[in-house]
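These are the residues of each chain, in order.
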Amino acid sequence: MSANSRITWRQQLIGLAFASPFIVGVALLLVIPLSLSFYYSFCHYTMLTPPIWVGTKNYTQLLSDHAFLRSLFNTCLFSVISVPLALAWSFLLALLLNAPNRLRNVYRTIVFLPSLLPLVATAVIWRWMLSPMHGPVNFFLQFPCHWVGGILSQIALAFHASPATVHTLRHLKPPLWLADGKWAMTTIILLSLWGVGQTVIIFLAGLDDVPLELYESAALDGAMGWRRLRYVTLPMLTPVIFFNLVIGIIASWQIFDLPYVMTHGGPGRATLFYSMYLFEAGFQQLRMGAACAMAWVQLIIILLLTTIAFWSARKWVHYR
Amino acid sequence: MSIPGQKHSVMLTRRLLVQIALLAVAVIYLAPLFWMLDTSVRTEHQAMTQLPSNTGKAIQTLLIPYPLHVGNYRKVIESPFFKIQLYARNTLVIALLVAIGSMLSASLVAYALTKLRWHGRQILFWTVLASMMLPFSVMMVPLYRIYREFGWIGTNLPLWLPTFFAPPFYIFLLRQFYLTIPNELMEAAVIDGAGPFRIWWRIMVPLTRPALLVVGLFSFVASWNNFIGPLVYLTHQRTFTLALALQFFQTRHGGVAHTLLMAATVLVVLPIILIFFLAQKTFIRGIATTGIKG
């Protein structure tokens, strides 16, 4: 079977037959739904009555929909902060878990396990962990808060701050987490770090692939510690960082389970995310046309960001 | 791994720092699971009373559930609002079908992409890559409508049938593995007169077994954990999956019976934890290959 020989009809048919699950799947589960969704995005559609063409109204109305704009802003904020944070955190964890250690595999298991749990369970468990009155997080935080508050109030006193400021500092309390509109987003971002196990595993595999000779020659050149990390490990890992970055961007724009179960978007709209509002508009308010328009905007945002990532990759990703 | 040119004392200090950091990380990652177990074996009164002001006593009550109260598990299993046997069966049926469907169909397509010669396979590969990026939300509304026409809303069909049409991520994963298998093995079988289906079933499936296992495990766990799918498509409580039922259980109890909620959560995550410990190596190898050769 030489590479240049002509492909016979039989070969072509066999190839198509084996690929047919995906080809049929693309037609039924991709092309048809995508076209329908595109069409609906220009329609008033409740699913109870036939769609009525309304032009670009669904799209223009998004611009004046405060809940939509808030969900867009929230998701942007989440993505911009949580993606780099999760990358840095999982890289740090991978470095720690790569260090020689007798219990290395035990630690790896501990970090990896939470990433396999259903997000609904993660949300339910952490809601209870963060309960302001009965949860262990705030119980243990009250001690450092007490010390730090004491020190800060002394400093404030020395600088002649207002009595009110001194009072709040002296009685510094741990945050109310999900119940506080100012903290809820931070909480969701921090919680997403609990499930980075799979990213860590990918980093660890990348670290495993760095040739030992590179470290040895770096040592001969006198590069140790931070310099070795900066000039040997990081450049060698850029393909893995890039992979995790792209996956992270795509996933962050689709975050749903965690905030849906933990806060339902609240308090107020502090944790209303894009996919949640889309689901709400479509399946609770029966504005299916608007939901489709939102989905297309979401798709375009994701495509745009991935394209930018791929384009920038030429500048910073080193393929061997 | 010993690195030349490093002083012994520096190495020791660094090891100690790493050890401390690892311990802290382990506590952060384990604490929620511990707290879940801990709450699930307390009485509601124990879980909800204010902690004593004496720090030592408070930590003691916080960490050691005494006396052990196992009754929560019985209450959850017997609860009319959380019919766990039913939900577990629903979830298991869907997850098994998803695993079978993904393994079979993705294996066929990966074989066509790597070992068969035909026009259009390059285009097909790009389609696989592109469709991996599509968010579920774009398809959500029209799929709902299509399934409604078929009368499938409220049944589990929308949750597993699509996986028989080769989910792109699993095609990609298997393709990576198929590429490492030498063509000579196949050519020998061709000379022996074996047809393509026989070659796939008798040679390729056994050879790719480790990767198939990864696909089976990943798809099983993904299905077990799936929340938005059941939320959209399942309408009757008797068809619910565990993840969906847990969310319902939480809203029903509205922050009242945390002990029961935690016992229910333990029961929901236990199978996943068991599977993980049975197949830890397969999971880790599978995730590692998705990132490296991609």
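This is a predicted model, so every value here is computed, not measured. By convention here, each chain's residues receive numbers from 1 onward along its written sequence. Following the order in which they are written, the chains are lettered starting with A and the ligands numbered starting with 1. pLDDT decides what is reported in this predicted model: residues at 70 or higher carry local features, side-chain atom pairs at 80 or more are listed and counted, and totals for whole chains, interfaces and linings draw on all residues regardless.

## Examining the overall build of chain A
Helix and strand assignments come from DSSP, with helices taken as H or I runs of at least 4 residues and strands as E runs of at least 2, each series counted from the N terminus. Scanning chain A for helices and strands turns up 14 helices and two strands. Based on C-alpha atoms, the radius of gyration is set beside the globule rule, defined as 2.2 Å times the residue count to the power 0.38. Taken over C-alpha atoms, the radius of gyration comes to 26 Å for chain A, far larger than the 20 Å a tight globule of 320 residues would show. The dimensions of chain A, computed from C-alpha atoms along their principal axes, are 85 × 65 × 35 Å. Three exposure classes are used, all based on how many other C-beta atoms lie within 10 Å of a residue's own C-beta (placed from the backbone): buried at 20 or more, exposed at 12 or fewer, and partly exposed between those limits. Counting across all 320 residues of chain A, residues that qualify as buried make up 37%. Contacts are defined on C-beta atoms placed from the backbone: any two residues whose C-beta positions lie within 7 Å are in contact. A separation of at least 24 residues holds for 69% of the contacts in chain A among residues at least 6 apart in sequence.

## Considering the overall build of chain B
For chain B, the count of helices and strands is 16 helices and zero strands. Compactness check: chain B gives a C-alpha radius of gyration of 25 Å against a globular reference of 19 Å for 294 residues, more than 25% above the reference. Considering chain B as a whole, with its 294 residues, one finds that 40% of them fall into the buried category. Considering only residue pairs separated by 6 or more positions, chain B has 79% of its internal contacts joining residues 24 or more positions apart.

## Describing the domain arrangement of chain B
All names here are of chain B. The split of the chain into domains comes from an automatic or database domain assignment. The domain architecture assigned to chain B consists of domain 1 (8-74) and domain 2 (79-292). Measuring from the centre of the C-alpha atoms in domain 1 to the corresponding centre in domain 2 gives 35 Å. On the domain 2 side, the residues contacting the ten residues of domain 1 number eight residues. For the side of domain 1 that touches domain 2, the secondary structure elements donating two or more residues are helix H1 (8-40), helix H2 (44-48) and helix H4 (71-78). Polar here means any residue outside two lists: the nonpolar Ala, Val, Leu, Ile, Met, Phe, Trp, Tyr, Cys and Pro, and the charged Asp, Glu, Lys and Arg; Gly therefore counts as polar. A breakdown of the residues in the side of domain 1 that touches domain 2 according to their chemical character gives four nonpolar, four polar and two charged.

## Thoughts on the domain arrangement of chain A
For chain A, the domain assignment lists domain 1 (1-40), domain 2 (58-132 + 180-316) and domain 3 (133-175). Each of domain 1 of chain A and domain 3 of chain A was reduced to a C-alpha centroid, and the two centroids are 64 Å apart.

## Details of the interface of chain B and chain A
Between chain B and chain A, the contact holds 79 residues from the first and 80 residues from the second. Per element, the largest residue contribution to the side of chain B that touches chain A is eleven residues, and it comes from H1 of chain B. Across the side of chain B that touches chain A, the residue classes tally to 59 nonpolar, 16 polar and four charged.

## Structural notes on the packing of helix H9 (residues 168-178) of chain B against helix H12 (residues 209-225) of chain B
All names here are of chain B. Taken N-terminus to C-terminus, the directions of H9 and H12 make an angle of 160°; their axes are 9 Å apart at the nearest point. Between H9 and H12, the crossing angle belongs to the class labelled roughly antiparallel. H12 is crossed by H9, and the crossing has right-handed handedness. On H12, the residues touching Tyr-170, Leu-173, Leu-174 and Phe-177 of H9 are Ala-211, Val-214, Val-215 and Ser-219. Residues that form the contact of H9 with H12 fall into these classes: seven nonpolar, one polar and no charged. The angle between two axes is taken between their N-to-C directions and runs from 0 to 180 degrees, where each axis is a line fitted to C-alpha atoms and a helix contributes only its stretch in contact. Note on angle classes: values under 35 degrees are labelled roughly parallel, values over 145 roughly antiparallel, values of 65 to 115 roughly perpendicular, and the remainder oblique. Handedness of a crossing is defined here by the sense of rotation of the near helix relative to the far one, left-handed for an anticlockwise turn of less than a right angle and right-handed for a clockwise turn.

## A closer look at unusual backbone geometry
A negative phi holds for most residues other than glycine; trans holds for most peptide bonds. With an omega dihedral of -5°, the bond running from Gly-266 of chain A to Pro-267 of chain A counts as a cis peptide bond. Checked against the element boundaries, Pro-267 of chain A lands in the loop between helix H12 (257-262) and helix H13 (274-284).

## Here we look at the environment of Leu-62 of chain B
Residue and element names in this part refer to chain B. Here Leu-62 lies in helix H3 (residues 55-63). Using a count of 17 C-beta atoms within 10 Å as the deciding quantity, one classes Leu-62 as partly exposed. C-alpha separation for the pair Leu-62 and Gln-46, spaced 16 residues apart in sequence, amounts to 9.5 Å.

## Topic: the confidence of the model for chain B
Predictor confidence is given residue by residue as pLDDT, running from a minimum of 0 to a maximum of 100. Of all residues in chain B, 92% have pLDDT values of 70 or greater, and the mean over the chain is 86. This complex was scored by the predictor with a pTM of 0.89 and an ipTM of 0.87.

## Some points on the confidence of the model for chain A
In the predicted model, chain A carries a mean pLDDT of 90, and the fraction of residues at 70 or more is 98%. The least confident element of chain A is helix H7 (residues 163-170) of chain A, whose mean pLDDT is 82; the most confident is helix H3 (residues 66-98) of chain A, at 95.

## A short note on the packing of H13 of chain A against helix H14 (residues 288-316) of chain A
Residues and elements named next belong to chain A. Two numbers describe how H13 lies on H14: the axes approach to 7 Å, and their chain directions differ by 160°. Relative to H14, the element H13 is oriented roughly antiparallel. As for how H13 packs across H14, the hand of that crossing is left-handed. Contacts from Tyr-274, Leu-278, Ala-281 and Gly-282 of H13 reach H14 at Met-288, Ala-290, Ala-291, Met-294, Ala-295 and Gln-298. Tallied by class, residues from the contact of H13 with H14 come to eight nonpolar, two polar and no charged.

## Remarks on the nonpolar core
In this description, a nonpolar core means buried residues of the types Ala, Val, Leu, Ile, Met, Phe, Trp, Tyr and Cys, linked to one another by C-beta atoms lying within 7 Å. With 157 residues, the main nonpolar core has Val-200 of chain A together with Val-109, Ile-171, Leu-174, Val-215 and Leu-246 of chain B as its most contacted residues. Those residues within four positions of Val-109 of chain B in sequence are excluded, and the remaining contacts are Phe-18, Ala-19, Pro-21 and Phe-22 of chain A together with Ala-166 and Ile-171 of chain B.

## With respect to helix H11 (residues 196-207) of chain B
Of all the positions in H11 of chain B, only Pro-196, Ile-199, Trp-200 and Met-204 of chain B are classed as buried. The buried residues of H11 of chain B occupy an angular sector of 95° when projected down its axis, which confines them to one face. In H11 of chain B, those exposed residues whose orientation departs by more than 90 degrees from the buried face are Arg-198, Arg-202 and Pro-206 of chain B. If you follow the buried residues of H11 of chain B, they end up packed against helix H1 (9-40) of chain A together with helix H5 (84-114) and helix H10 (184-191) of chain B. Note that the arc is defined by the directions from the helix axis to the C-beta atoms.

## Here's the deal with the environment of Leu-178 of chain A
Residues and elements named next belong to chain A. Examined against the element boundaries, Leu-178 turns out to sit in the loop between H7 and helix H8 (184-192). Leu-178 sits in the buried class, given 25 other C-beta atoms within 10 Å. Separated by 143 residues in sequence, Leu-178 and Ser-35 place their C-alpha atoms 39 Å apart. In contact with Leu-178, not counting residues within four places along its chain, are Arg-127, Leu-130, Ala-184, Thr-187, Met-262 and Thr-263.

## Examining the environment of Ala-158 of chain A
You can see Ala-158 of chain A is positioned in helix H6 (residues 136-158). Taking the C-alpha atoms as reference, Ala-158 of chain A lies 57 Å from Ala-293 of chain A; in sequence the two are 135 residues apart.

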